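Each chain, letter by letter, is given below.
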Amino acid sequence: MPLASRHSSRNDAVRGAPPHTALHSREILISVFVGIGYYFGVHAGFALTPESSPVSMAWPPNAILLAGFLLMPPRRWWLLVALVAPAHFGSELALGVPWNMAAFWFFTNVLEALLGASLIVRWLGGPPNFARVRDLSIFITAVLSAVLVASFLDAGSVAVVGWRYDEYWQIYRTRFFSNTLAALTFAPPLVIWFTMGIGLRRTGYLPLLEFVALFAGTCIASFVAFRNIYSPQFATVLYVPLPFLIWAALRYGVIGVTLCSAVVTGFAITAVLEGPIPSSIRSPENAVRTVQVFLIIAESSLMLLAAAFAELRRSKEAMARNEERLELALHSAEMGIWNWDFRADRVTWRSARDKSGFETRTRSRSSRHLLRLVHESDRAKVSQVFRDALRQRGSAEVECRFVVGRRRHCWTAAKGRVLTDETGDPVRMIGVFLDITQRKNQELQTRVHREQLAHLGRVSVLGELSGAIAHELNQPLTSILLNAQATLRDLKGDSLDIAEMANSLQEIVDEDKRAGEVIRRLRALLLHGTVEMHPLDINECIGEVLLLENTDLIAHHVAIDLQLERPSPCVMGDRVQLQQVLLNLVINARDAMAGNAPEDRLLRIVSTREDGLVCVRVSDNGPGIRDTESIFEPFYSTKGHGIGMGLAICRSIITAHGGRVWASNADARGATFHLCMPSLSGEVGTTATAIRSPEAQRPTSERMASRSSSPSTGLRK
């Protein structure tokens, strides 16, 4: 960005200037003010010049021109020079200054103001903000640098022209201190006035009385200090106005310092010009220089103090605003903050709300005492998490329960980060915590509702299989009845065949076990118990589902093609819920093929391991699925008698197990349901009986024929 653009944009931002028309009017106003102020400043400077010195004690014109350069964009500086030239020559020639001396002084005055303004604009991009230490430091440095350079030329011009010439270095020193004092005294209030405005607000009588007391005290202290500037006690009373300058710096900032410094400077110059000079003092320059150095050092130091105090006040205000925002954020998010000082072993926390049982004000306890408030089941986990974070100099995240009262506890989620010193040693840990009791209760309720819904889904599915289940139980019960009748008939006969009776009784025992196994599987599906996660053999779950559904599949003429992974893949899950999912998928595949010819119904079940996952695919050769995603939505059903909750329940169960379930259509015809869950290494249990038994390996037609035979299958002939 060009220098002029930066300057103009910063001026606009600082002053809140309207568009270009208002800015142009403001430039004209500043130019006229600088021209008039420069004219009267020359007269004031000559009025402040002792008869014995060719240089004024304070030279205001350069300070006024410097303020004008800072208030105008650099592209308009030529306008100030053009307006100042007639004011300079008109005033100095009228006061008896030779034209060549006036020309030299015009050149050095413009050079000093231009050099100072250029340095400030180059470093800051615009007028300085005197309420900032950095801006004020750059302003003071630029002023000293500009006056230092211009004073060499100014003193040289006086020596060359010879007008009121005394000694080069004496003129140089006087001119340096004079212009520096004027720049520090007059330039800041002018810049502040045009950029920010100076006005008294009606805030009551006490501030007004304070301002009057400050002004009166400064005047009295300045009169006492400079009433006899040439007395031996002057060095003692010189610092009397200093407390009032400090008062002004702390209460009114830079503008207060400069105004009070102007009062002190006025009394000091008046004392130099009008005070009686003792005959023992040949030259008053030493006393004048003492006053100038004192005022320069005091004014620059106190302006920096005022700027630092203003920054501190703004920092406190910003801190208060940030504190309010933090409180609002904590209240909105129902969060808290904590800090663990490792060296003092103190944990300090502040919670926004009292839902956790702690007070909302800041509390502090030792880490051991705080750990005792953690639920005994979570203490080991919490200790391990924070030990790992401390050892790794990293972050920690944990969810635990805090004991509140005798029978209450609250869930809390805490996150923190370890902070280290310069040597890398951990010094403290900071973080936030959140009361998640409500979320945990909702998760518990959601899990209970999901289990209830899954149970209702199982009951609904088993209701559809009631005919097949009755057939599964009817076969062993009929066999038991016929064998018992045959044994009774043999007992009533003339001769007893012990071997035949033993065979009949053994048949009764076997069929009873068969019926009991069917009832056990039904009871497991019908029971409404809690979810228990155990390592499971997925092939074994598939086999148990096929045993339960076997009669119904035979009745619907469905052939089964099993392609199971060896060794059997294992997953972590609840056996009943996984069987419910597989049972739903098998029933859906069976119903999808109801429109096919009896010899064209094939159910294919495949289990594989893929990239750390166990995947099961249940495929049919039915007409396919129109919308493979909508079928998983609640109450969406393609069956005339369905309620549309089966696949929705399946997806919720698999998601709770950390897996995914989705559907896809085959290229030719049919659909496939994909079920993937995280895999466990190793094998669990054995494969299912239906997969291992010779009967399960026989062709489907033979198994269907055997299952469709007489109920007396297995009886002795």
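Residues numbered from 1 in each chain as written. Predicted model: local features only at pLDDT ≥ 70, side-chain atom pairs only at ≥ 80, totals over all residues. Heavy atoms only, no water.

Caption draft 1: Local environment of the overall build of the chain. What the chain contains, in helices and strands, is 22 helices and 13 strands. Counting only residues that meet the buried cut, the chain has 45% of its 717 residues in that class. Sequence separation of 24 or more characterises 69% of the internal contacts of the chain that already satisfy a separation of 6 or more. Carbon together with sulfur atoms contributes 60% to the accessible area of the chain, which is approximately 37000 Å² in total. (Helix = DSSP H or I, 4+ residues; strand = E, 2+ residues; numbered from the N terminus. Buried < 20%, exposed > 50% of the residue type's maximum accessible area, 1.4 Å probe, protein only. Contact = heavy atoms within 4.5 Å. Areas by Shrake-Rupley, 256 points an atom, 1.4 Å probe, with all protein chains shown as cover.)

Caption draft 2: Local environment of the sheet that holds strand β3 (residues 363-366). The six strands are arranged β3-β2-β1-β6-β5-β4 in an open sheet whose pairing can be described as antiparallel. With partners counted over all chains shown, the strands left at the sheet margins are β3 and β4 (395-404), one partner each. Across the sheet, the mean angle from the axis of one strand to that of its neighbour is 25°, orientation sign disregarded. Note that β4 and strand β5 (residues 408-420) share 10 bridges and pair antiparallel. Pairing of Val 404 across the sheet is with Arg 408, part of β5. The strands touched by helix α13 (residues 379-392) within the sheet are β1 (335-341), β4, β5 and β6 (426-435), with β4 carrying the most contacts at an inclination of about 155°. (Pairing = 2+ DSSP bridges. Axes fitted to C-alpha atoms, helices over the stretch in contact; angles between N-to-C directions.)

Caption draft 3: Broad picture of the packing of aromatic side chains. Summed over the entire model, instances satisfying the criterion amount to 16 aromatic pairs. When the ring of Phe 46 is compared with that of Trp 105, the centres are 6.3 Å apart and the planes differ by 55°; the resulting orientation is tilted. Taken as a pair, Phe 46 in helix α2 (residues 20-47) and Trp 105 in helix α5 (residues 99-124) lie far apart in primary sequence, 59 residues in all. According to the relative accessible area criterion, Trp 105 is buried, its value standing at 7%. Ring geometry for Phe 211 versus Tyr 252: centroids 5.8 Å apart, planes at 80°, classification edge-to-face. Placement of the pair is Phe 211 in helix α8 (residues 205-226) and Tyr 252 in helix α10 (residues 242-274), with a sequence separation of 41 residues. Aromatic ring contacts, followed pair by pair, group Trp 338, Trp 340, Phe 342 and Phe 386 into a single cluster. (Phe/Tyr/Trp six-rings, centres within 6.5 Å; stacked < 30°, edge-to-face > 60°.)

Caption draft 4: Fine view of the state of the cysteines. Under the counting rule described, the total for this entry stands at one disulfide. The disulfide partner of Cys 615 is Cys 676, and the gap between their sulfur atoms is 2.4 Å. Of note, the bridge from Cys 615 to Cys 676 carries an S-S torsion of about 110° and is right-handed in sense. Highlighted residues: Cys 615 in strand β11 (residues 613-619) and Cys 676 in strand β13 (residues 671-680), separated in sequence by 61 residues. For the unlinked cysteine Cys 260, the closest cysteine sulfur is that of Cys 219, found at 8.5 Å. Distance from the sulfur of Cys 570, which forms no disulfide, to the nearest cysteine sulfur (Cys 541) is 9.9 Å. For Cys 570, a relative accessible area of 0% gives the class buried. (Disulfide = S-S within 2.5 Å.)

Caption draft 5: Fine view of the packing of helix α4 (residues 77-94) against α5. Where α4 meets α5, the axes come as close as 10 Å, and the angle between the chain directions of the two elements is 150°. In this structure, α4 meets α5 at a crossing whose hand is right-handed. Contact residues: Trp 77, Val 81, Val 84, Ala 85, His 88, Phe 89, Glu 92 and Leu 93 in α4; Trp 99, Ala 102, Ala 103, Trp 105, Phe 106, Asn 109, Val 110, Leu 114, Ala 117, Ser 118 and Val 121 in α5. A class-by-class count of the residues in the contact of α4 with α5 yields 15 nonpolar, three polar and one charged. (Left-handed = near helix turned anticlockwise from the far one by under 90°. Nonpolar A, V, L, I, M, F, W, Y, C, P; charged D, E, K, R; others polar.)

Caption draft 6: Seen up close, the confidence of the model for the chain. Across the chain, the average pLDDT comes to 77, with 75% of residues at or above 70. The low-confidence segment residues 1-23, where pLDDT is below 50, has 41 contacts with residues more than four positions distant or belonging to other chains. Here residues 682-717 scores under 50 on pLDDT; set against residues more than four positions off or in separate chains, the count is 63 contacts. (pLDDT = per-residue confidence, 0-100.)

Caption draft 7: Highlighting the pattern of salt bridges. Per the stated rule, a full pass over the model turns up 15 salt bridges. In this structure, the salt-bridge partner of Glu 27 is Arg 75, at a minimum N-O distance of 3.9 Å. Of the two residues, Glu 27 sits in helix α2 while Arg 75 sits in the loop between α3 (60-71) and α4, which places them 48 residues apart along the sequence. Looking at Arg 75, the relative accessible area reads 38%, which means it is partly exposed. Put simply, Glu 27, Arg 75 and Arg 76 are held in one network by salt bridges that share partners. (Salt bridge = Lys/Arg side-chain N within 4 Å of Asp/Glu carboxyl O.)

Caption draft 8: Broad picture of helix α18 (residues 575-592). Under the 1.5 Å per step criterion, the end-to-end length of α18 is 26 Å for 18 residues, consistent within 8% with the ideal 26 Å. Among the 18 residues that make up α18, 14 are buried, leaving the element largely enclosed by the rest of the structure. (Expected span 1.5 Å × (residues − 1).)

Caption draft 9: View of the side chain of Glu 27. Judged by its relative accessible area of 5%, Glu 27 falls in the buried class. Setting aside residues no more than four positions away along its own chain, Glu 27 makes contact with Met 72, Pro 73, Arg 75 and Arg 76.

Caption draft 10: Structural view of the environment of Ala 47. Here Ala 47 shows up in helix α2. C-alpha of Ala 47 to C-alpha of Ala 58: the two residues are 11 residues apart in sequence and 9.7 Å apart in space.

Caption draft 11: A look at the nonpolar core. Of all hydrophobic cores here, the largest spans 72 residues; its most connected members are Leu 65, Leu 66, Leu 70, Leu 136, Phe 139 and Phe 226. The contact partners of Leu 65, leaving out residues within four places of it in the chain, are Val 34, Tyr 38, Leu 80, Val 84, Asn 109, Val 110 and Ala 113. One finds Val 618, Ile 625, Ile 649 and Cys 650 within the second-largest nonpolar core, a separate group that totals 40 residues. (Core = buried A, V, L, I, M, F, W, Y, C linked by side-chain atoms within 4.5 Å.)

Caption draft 12: Up close: the pairing of β6. Pairing geometry for β1 and β6, over seven bridges, is antiparallel. In the strand pairing of β6, Trp 340 is matched with Met 429. Note that β5 and β6 share nine bridges and pair antiparallel. Considered in β6, the bridge of Thr 412 is made with Asp 435.

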